[in-house]
Structures are given as structure tokens and as C-alpha cells.
Amino acid sequence: LPACRDSRLFIKDLHFDGVPVRIYLPREPSASKRRGVIFFHGGCGIFGSISKELKEKLMCQYIARKSDSVVVSVGYHLAPEHKYPAQTLECLTATVHFLKTAETYGVNPARIIVCGDSVGGTYTAIVCQELGRRTDIPKIRAQVLIYPFLQALNFNLPSHQKNAAVAFLSRDRAVHFILKYLNKDCSLKEAILAGSHVPESINLKYRKWINPDLIPDIFKLGYKPPLPTLFLPQVHEEVQELFKPCFSPLLAEDDVVCPLPDTCIVTCEHDVLRDEGLLYKKRLEDNNVRVTWHHLEKGFH
């Protein structure tokens, strides 16, 4: 589909080091360099497009108009045709390119944020973790995570139980899409939902960060701790990607989290991923990262 018409914006499709992007530039001249926004769309890494999704186009146009910013929407190639981690690497490539060339587009390189919804929020978190300690490029000013996916160890948190059957992204469908994204056998789904893919050593290591006890009581009404489950080594071996911070950014060590930029996290009450945003909020705050949190009590994924 062609870009939606908007007389106030100049919209153009480009490539940043081979990665497709769509750039939204306000037409009205600016007295100073503008802010920049890098946007990663959602869709579990297997759906969505910068050219075919009306929601993404309208969102990028809205951001560009309302904040008088130059918005770059990244058209990473989709799995499983383009195997993981191609999507993350393309988001990283496009971000670095824009940080280095921002002034070409009338953007102040010190005022660029990265933003994404759902898996786009995952890519945002990963990109900021990857670039946090680099000194050869401008620092990202802030990150915006809109109901992000952040971990694949525990699918029995309070929000998973409460919203297991909510429309659009049920608990079952979330794990199904993860396996499709990684090009894995979807018959592994039930074992992963039960937690049989996680050995006790990993559970013990990460319980300080992924634990229902860390969720505020107001979000745990009706929660029932799951029964112990049998560890299945063969399933664990099949899904090693799930235990890496470049897939589950909530697992990053503190020295990676500390340098992260100011953060805005958006969570929705009727969303299986709600608690991942809450847990990441706590991790950031524990590492003295400034966080703004918006919770939509009537929102869903």
C-alpha cells in the first residue's frame, strides 16, 4: 500500500545499510534541529510491515506531527523466512545508521529515542542494551516500551493466569508465536507453558528478577502459584535461544541495565505480558534508571 497522504509530512521509503525504513519528516521548516524517533512495529516478528499496516503508519504520522519529530519506522524482515536473529540485527543496524546520520535529516543526534510495541518493544530493549556502553556513536536519549515481551522462562506469572484466554494474544498463542518465530516444533508448546524447559539451576539464578513475589499485590488478585513441574532436558536443549538476553532482555545482567537511558513503559491490565513490563520497571529502578510508567486499566494487547 502507498504511504497514507498527510499534507503536513514528507514520507519516503529508504534503506539504512540495506534495511528498509520509512521516514516521516515534518514539512514545516524548523528553527533548530528536531528530535528523532526510531520505531519498531509489533507482530511477534512474523507479522506486520511498514508499508501494509495502517495502524503503524497512523501511529508514526501522529508521533511525527504531535512531537514535531522525524520518525523512522524500521521494516525488518520477518521470520521464519528470515531466521532469528535477523530481525534484531536489522533493528540494530538501522538504529546505528540513524544515530550516525541524524543531522542529514535535520535531527539532533543527542535527542533520539527508540520506541516499539509488543515485539517492537522487545527489539527496543535489546537495541538499548546492545548500544548502552558504546562510545563511538551518540547515546540514545530514551526508550519507550509499549507492552513489550521481555522473558520466556515463566509463563505462569499472575498476568499469564489472569489473561490466559484474552483475545488477540492469549497465553497459548503467545508461546505458539514464539516457537513459530524461532522456527521450532510447535509441539513443544505445552512443555514450555508448564515451565518444563527451565532447569532448577536457571530458575534459582533468575528468581531474583522473575518472580511473582516482585509483582505488586494489587496485580495478584486470584493468583495461584503453579504446581511443581517435571524438567525435560530434551525440551531445554531445543529452545536455548529463550535463555539469552538478546531474546529475553529481562535476563540481562545489572552492568548491562545500569547504563540504559530514561525509559517509558506502557502496560495494559488485560494483557498476558503485563507483568513483564512490571518486572522490567523494577529492574530498571533498582539500577537507578529513571522510569515513567503508564498503566491502562482497560487496555489489552
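Residues numbered from 1 in each chain as written. Predicted model: local features only at pLDDT ≥ 70, side-chain atom pairs only at ≥ 80, totals over all residues. Heavy atoms only, no water.

## Re the overall build of the protein chain
Secondary structure summary: the protein chain contains ten helices and eight strands in total. The C-alpha radius of gyration computed for the protein chain amounts to 19 Å, which stays within 12% of the reference 19 Å derived for 301 residues, consistent with globular compactness. Here the protein chain holds 301 residues, and 56% of them are scored as buried. Long-range contacts, defined as pairs at least 24 residues apart, comprise 76% of the intrachain contacts of the protein chain with a sequence gap of at least 6. Working note: accessible area of the protein chain is about 14100 Å², and carbon and sulfur atoms make up 55% of it. (Helix = DSSP H or I, 4+ residues; strand = E, 2+ residues; numbered from the N terminus. Rg over C-alpha atoms; globule rule 2.2 N^0.38 Å. Buried < 20%, exposed > 50% of the residue type's maximum accessible area, 1.4 Å probe, protein only. Contact = heavy atoms within 4.5 Å. Areas by Shrake-Rupley, 256 points an atom, 1.4 Å probe, with all protein chains shown as cover.)

## Things to note about the sheet that holds strand β6 (residues 142–146)
Within a sheet, each strand pairs with its neighbour through backbone hydrogen bonds, oriented either parallel or antiparallel. Reading across from one edge, β1-β2-β4-β3-β5-β6-β7-β8 is the order of the eight strands in this open sheet, with mixed pairing throughout. The outermost strands of the open sheet, each flanked by one partner alone, are β1 (9–16) and β8 (291–300). Ignoring which end each strand starts from, the neighbouring axes of this sheet average 20 degrees apart. As judged from the six bridges shared by strand β3 (residues 34–40) and strand β4 (residues 69–74), these two strands associate in the parallel manner. Note on β4: the bridge partner recorded for Phe39 is Ser73. (Pairing = 2+ DSSP bridges. Axes fitted to C-alpha atoms, helices over the stretch in contact; angles between N-to-C directions.)

## A look at the state of the cysteines
Tallied over the entire structure, the rule returns zero disulfides. Just so you know, Cys91 is unpaired, no disulfide at all, and the nearest cysteine sulfur is the one on Cys128, 11 Å from it. What makes Cys91 buried here is its relative accessible area of 0%. (Disulfide = S-S within 2.5 Å.)

## Quick notes on the pattern of salt bridges
Tallying each qualifying case throughout the model produces 15 salt bridges. The salt bridge partner of Arg34 is Asp68, with a shortest N-O separation of 2.7 Å. In this pair, Arg34 is assigned in strand β3 and Asp68 in the loop between α1 (54–67) and β4, connecting sequence segments 34 residues apart. When the shortest N-O distance is used, the salt bridge between Asp275 and Arg274 registers 2.8 Å. For the pair formed by Asp275 and Arg274, the shared burial category is buried. Taken together, the shared-partner salt bridges in this structure form one network comprising Lys162, Glu269, Arg274 and Asp275. (Salt bridge = Lys/Arg side-chain N within 4 Å of Asp/Glu carboxyl O.)

## Examining the environment of Arg171
Its location among the elements puts Arg171 in helix α5 (residues 171–181). It is 8.2 Å that separates the C-alpha atoms of Arg171 and Leu193, two residues lying 22 residues apart in sequence. Filtering out sequence-adjacent residues up to four positions away, Arg171 remains in contact with Phe155, Asn156, His160, Asn163, Ala164, Leu193 and Val272. One polar contact links the side chain of Arg171 to the main-chain carbonyl oxygen of Phe155, over a distance of 2.7 Å. (Polar contact = N/O pair within 3.5 Å; in protein donor to acceptor, adjacent residues only side chain to side chain.)

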